[in-house]
Amino acid sequence: MSSNIILGHNQYGKAEVRVVKITRDTDRHEIEDLNITSQLRGDFEAAHLEGDNAHVVATDTQKNTIYAFAREGVGSPEAFLLRLGEHFTSSFDWVTGGRWEAESYSWDRIRAHGREHDHSFVRNGQEVRTAVLVRDGSATHLISGLKDLTVLKSTQSGFVGYPKDKYTTLPETTDRILATDVSARWRYRTGQDFRTLDFNKNYDDVKALLLEGFTEKYSHALQQTLFDMGTKVLEAHSEIDEIRFSMPNKHHFLVDLSPFGLDNPGEVFFAADRPYGLIEATVQRHDAAPADSAWAGIAGFC
């Protein structure tokens, strides 16, 4: 082997472990539904260069650890990932860090005969909750988030004043539909005691702030609305240092009904799925410490 070729950054683990935890300590059951990925970082050089597996914690072992930890309860995706990260980095000396990721799927109780059922649920398809934990030596980074949160406002949005050249065909408008699928991840300030945070409460509050921010103000562009949404979150939560967004502009085009002898006063639209504008940005505190390693492995902005 050439001495000019070396092993670079690496990690490995078990991806997308589906876990459904039913808590049955009363007649009113609770459900927690997650998709967990565990990836370990550390001294795995011998495995790559020599085929020596002495330091390779089997991916099957990682899967089983996830199931075993779920038996003790989940609590929140963030808290669950913190437990996993602490376990793997403290149980194996050569595991110096890692990346653990969760998607959480929410379920609502079915209403039957005028009340919520104790043990029957319907999947809530509004959005998917996400979380990522990165342990890099002594530093621990925690990122919460959501994706596939589809929102729309039917007025109070426009798009004017943009540069025009010979390829521009888009007409200016001061009244349009603004719709997007919100993907957002917010990074908690590194170095704080994460055990003091109520992640479930924070998640509900951040989601509410994002939705509220979307409704407020006249939107001159999706970029402006994105920044306003992120600002509301940072102003309300001092424990969060930055929030990153990826938001496609889900275009709605007015349908020409004149061939049918009908008018269309802004009521019938064609919802195009592609191509679409894609708006991505970070809203952060001016004095936030950089944490590039926290975002490694996250494609794009979200």
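None of the values given here were measured: they were computed from a predicted structure.

1. A closer look at the sheet that holds strand S3 (residues 95-105)
- Here 8 strands make up an open sheet; going across it, the order is S1-S2-S3-S6-S7-S8-S9-S12 and the pairing antiparallel. Each edge of the open sheet carries a strand with a single partner, namely strand S1 (12-23) and strand S12 (277-284). Across the sheet, the mean angle separating the axes of adjacent strands is 15° when strand polarity is ignored.
- The sheet contact formed by S3 and strand S6 (residues 128-136) spans 8 bridges and is antiparallel. Within the sheet, the bridge partner assigned to Ala-102 lies in S6 and is Ala-131.
- Strands S6, strand S7 (139-153), strand S8 (178-188) and strand S9 (240-249) of the sheet are contacted by helix H4 (residues 199-215), whose axis makes an angle of about 40° with S7.

2. Here's the deal with the pattern of salt bridges
- What the rule picks out here adds up to 21 salt bridges.
- Its salt-bridge partner being Arg-18, residue Asp-33 comes within 2.7 Å of it at the nearest N-O pair. Residue Asp-33 is located in strand S2 (residues 30-42), and its partner Arg-18 is located in strand S1; the two are separated by 15 residues in the primary sequence.
- One salt bridge connects Arg-187 with Glu-242, and the closest N-O pair in it is separated by 2.6 Å. Of this pair, Arg-187 sits in strand S8 while Glu-242 sits in strand S9, and the two are 55 residues apart along the sequence. As far as the burial class goes, Arg-187 and Glu-242 line up, both buried.
- Ionic contacts of the salt-bridge type, sharing partners, join the residues Arg-28, Glu-116 and Asp-118 into one network.

3. Some words on the packing of H4 against helix H5 (residues 222-236)
- One way to put it is that H4 packs onto H5 with a least axis distance of 8 Å and a crossing angle of 140°. As the angle between them shows, H4 and H5 are arranged oblique. As H4 packs across H5, the resulting crossing turns out to be right-handed. Counting all contacts with H4, which are made through Val-206, Leu-209, Leu-210, Glu-212, Gly-213 and Phe-214, the residues of H5 involved are Thr-225, Met-229, Lys-232, Val-233 and Ala-236.
- When grouped by side-chain class, the residues that make up the contact of H4 with H5 number 7 nonpolar, 2 polar and 2 charged.

4. Examining the pairing of S2
- Note that S1 and S2 share 10 bridges and pair antiparallel. By the bridge assignment, Gly-13 is partnered in S2 with Gln-39.
- Where S1 folds back on S2, the antiparallel hairpin that results is connected by 6 residues.
- Relative to S3, S2 is paired through 10 bridges, and the arrangement is antiparallel. Across the sheet, residue Leu-34 finds its bridge partner in S3, namely Ser-104.

5. Remarks on unusual backbone geometry
- Looking along the chain, the bond that leaves Arg-274 and enters Pro-275 is cis, with omega of -5°.
- Mapped onto the fold, Pro-275 is located in the loop between strand S11 (269-271) and S12.
- Phi at His-113 takes a positive value of approximately 55°, unusual for a residue other than glycine.
- Among the secondary structure elements, His-113 is positioned in the loop between strand S4 (107-112) and strand S5 (115-123).
- With phi around 60°, Gln-156 is a residue other than glycine that occupies positive phi space.
- Checked against the element boundaries, Gln-156 lands in the loop between S7 and S8.
- According to the relative accessible area criterion, Gln-156 is partly exposed, its value standing at 42%.

6. So, the environment of Asp-148
- By the secondary structure assignment, Asp-148 is in strand S7.
- Of the residues examined, Asp-148 reaches a relative accessible area of 42% and is grouped as partly exposed.
- As for Asp-148 and Asp-175, which are separated by 27 residues in sequence, their C-alpha atoms are 25 Å apart.
- The contact partners of Asp-148, leaving out residues within four places of it in the chain, are Gln-126, Glu-127, Val-128, Val-182 and Ser-183.

Procedures and definitions
- Residues numbered from 1 in each chain as written.
- Predicted model: local features only at pLDDT ≥ 70, side-chain atom pairs only at ≥ 80, totals over all residues.
- Heavy atoms only, no water.
- Pairing = 2+ DSSP bridges.
- Helix = DSSP H or I, 4+ residues; strand = E, 2+ residues; numbered from the N terminus.
- Axes fitted to C-alpha atoms, helices over the stretch in contact; angles between N-to-C directions.
- Contact = heavy atoms within 4.5 Å.
- Salt bridge = Lys/Arg side-chain N within 4 Å of Asp/Glu carboxyl O.
- Buried < 20%, exposed > 50% of the residue type's maximum accessible area, 1.4 Å probe, protein only.
- Parallel < 35°, antiparallel > 145°, perpendicular 65-115°, else oblique.
- Left-handed = near helix turned anticlockwise from the far one by under 90°.
- Nonpolar A, V, L, I, M, F, W, Y, C, P; charged D, E, K, R; others polar.

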